[in-house]
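# Summary of the model geometry
These are the residues of each chain, in order.
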Amino acid sequence: MLSVFVLTACMLMARPRLSRHSFMLSHLGTEQGLSNARVYTIVEHMDGSMWIGSKSGVDRYDGHDVRNYRFSETERYSDASGRIIKVVRGTLGSLYAYDNKGTILLYNAALDRFRPYLNLASLLGPGIILNEVYIDGNGTQWMALNRGVLRVDAGGGKRWFLRNQFVTHVAGLGHRVLIATYSGVWVTDGGPSRCVRSI
């Protein structure tokens, strides 16, 4: 019994001490101003504000107040799962919001609103599902779709990866891009014509 006490005491002393200032848990819900309690993404902006993508739109929380950015009802994606709105941080402080229908909006700080950026349904045709957008350090956008990954570089050049596969997730790992599909995980080095391989 004494050895368990000594071991526990040693482990506690070896860890940095937590104070009430090093960790705080609060609740932020519709009562505090969120547009919807169903939240899909949370992104910290370079100014320290939190941007929250929800079923109804995007909310910005500055630590005190919540500002709502709602999107047009005509842009709704109507299926059994409903609309999903997410937020992603781009390069140089840019901020994008997108929904699963393929509508991508860019935040304009001067106007304090989101402006249309890209409509994938107009570009690719109806029936697309946009699951996720990842923006790498070069500003290249990787879009995980029900039809594969569409890579759009900063100059507007487009290239498909894993065409006709349902892609659920894309993420950066160093200079590589990981791509999750219903058939496994794939990796590419991020270049425009690099081979994608299964891992």
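Starting afresh in each chain, residues are numbered from 1 along the sequence in its written order. In view of the model being predicted, local features appear only for residues whose pLDDT reaches at least 70, and side-chain atom pairs are presented and counted only at 80 or more, with totals across whole chains, interfaces and linings using the full set of residues. By convention in this description, side-chain values take in all heavy atoms of the structure and omit both hydrogens and water.

On to the pairing of strand 11 (residues 148-152), then. When a residue's accessible area, from a 1.4 Å probe over protein chains only, is under 20% of the maximum for its type it is buried; when over 50% it is exposed; and in between it is partly exposed. Each helix is a run of DSSP H or I of at least 4 residues and each strand a run of E of at least 2, with the numbering of both proceeding from the N terminus. Counting buried residues along strand 11, five of its five residues qualify, which places the element largely inside the surrounding structure. Summarising the sheet, strand 10 (residues 141-145) and strand 11 pair through five bridges and their orientation is antiparallel. Bridge pairing in strand 11 links Leu 145 to Gly 148. Here a strand pair is declared whenever DSSP counts at least two bridges between the two strands. The antiparallel pairing of strand 10 with strand 11 creates a hairpin that spans two residues between the two strands.

A few words on the nonpolar core. Here the nonpolar core consists of buried residues drawn from Ala, Val, Leu, Ile, Met, Phe, Trp, Tyr and Cys, with membership extended through side-chain atoms lying within 4.5 Å. Counting residues in hydrophobic clusters, the biggest one holds 13 residues, and the most contacted among them are Ile 104, Leu 120, Leu 130, Val 133, Met 143 and Leu 145. Within the residue set of this core, elements represented by two or more residues are strand 6 (95-99), strand 9 (130-135), strand 10 and strand 11. Counting residues per element, this core draws most heavily on strand 9, which supplies three residues. By size, the runner-up hydrophobic cluster in this structure holds twelve residues, among which are Tyr 69, Val 87, Tyr 107 and Phe 114.

Moving on, we come to the confidence of the model for the protein chain. Per-residue confidence from the predictor is reported as pLDDT, a score between 0 and 100. Averaged over every residue, the pLDDT of the protein chain is 82; the share at 70 or more is 78%. Low confidence marks residues 17-23, where pLDDT is under 50. Its contacts with residues over four positions away, or in another chain, come to zero contacts. Contacts are assigned to residue pairs with any non-hydrogen atoms lying within 4.5 Å of each other.

Turning next to the pairing of strand 12 (residues 158-161). Sheet analysis places strand 11 next to strand 12, joined by four bridges and oriented antiparallel. Across the sheet, the residue bridging to Arg 151 is Arg 159, located in strand 12. Hairpin connection of strand 11 to strand 12: five residues between the antiparallel strands, including Gly 156 at a positive phi of 95 degrees.

Attention now goes to the pattern of salt bridges. Salt bridge, as used here: a side-chain nitrogen of Lys or Arg that lies within 4 Å of a carboxyl oxygen of Asp or Glu. Within this structure, the stated rule accounts for three salt bridges. Each of Arg 60, Arg 67 and Asp 112 takes part in a single network of salt bridges with overlapping partners.

To continue, consider the sheet that holds strand 5 (residues 85-89). Here four strands make up an open sheet; going across it, the order is 5-6-7-8 and the pairing antiparallel. Looking at which strands have only one partner, the edges of the open sheet turn out to be strand 5 and strand 8 (113-119). Shown here is a sheet whose adjacent strand axes are inclined to one another by a mean of 30 degrees, direction ignored. For helices, the fitted axis covers only the stretch in contact; all axes are lines through C-alpha atoms, and the angles between them, taken along N-to-C directions, range from 0 to 180 degrees.

By definition, the strands of a sheet pair up through backbone hydrogen bonds, in either a parallel or an antiparallel sense. One open sheet accounts for four strands, arranged 1-2-3-4; its pairing is antiparallel. The open sheet has two edge strands, strand 1 (39-44) and strand 4 (66-70), and neither has a second partner. Along the sheet, successive strands turn relative to each other by an average axial angle of 20 degrees, direction set aside. Relative to strand 4, strand 3 (residues 57-61) runs antiparallel, the two being bridged by five bridges. What sits directly across from Arg 60, in strand 4, is Arg 67.

On to the environment of Val 187. Structurally, the position occupied by Val 187 is in strand 15 (residues 184-188). A relative accessible area of 5% means that Val 187 is categorised as buried. In this structure the C-alpha to C-alpha distance between Val 187 and Arg 176, which are eleven residues apart in sequence, comes to 6.7 Å.

Glancing now at the environment of Ile 85. When you line up the elements, Ile 85 lands in strand 5. Setting aside its immediate chain neighbours within four residues, Ile 85 contacts Tyr 40, Thr 41, Gly 53, Ser 54, Lys 55, Ser 56, Gly 57, Val 58, Phe 71, Tyr 98 and Asp 99.

On to the environment of Arg 159, then. Mapped onto the fold, Arg 159 is located in strand 12. On the basis of relative accessibility, which here comes to 31%, the residue Arg 159 falls in the partly exposed class. Separated by ten residues in sequence, Arg 159 and Val 149 have C-alpha atoms that sit 8.3 Å apart.

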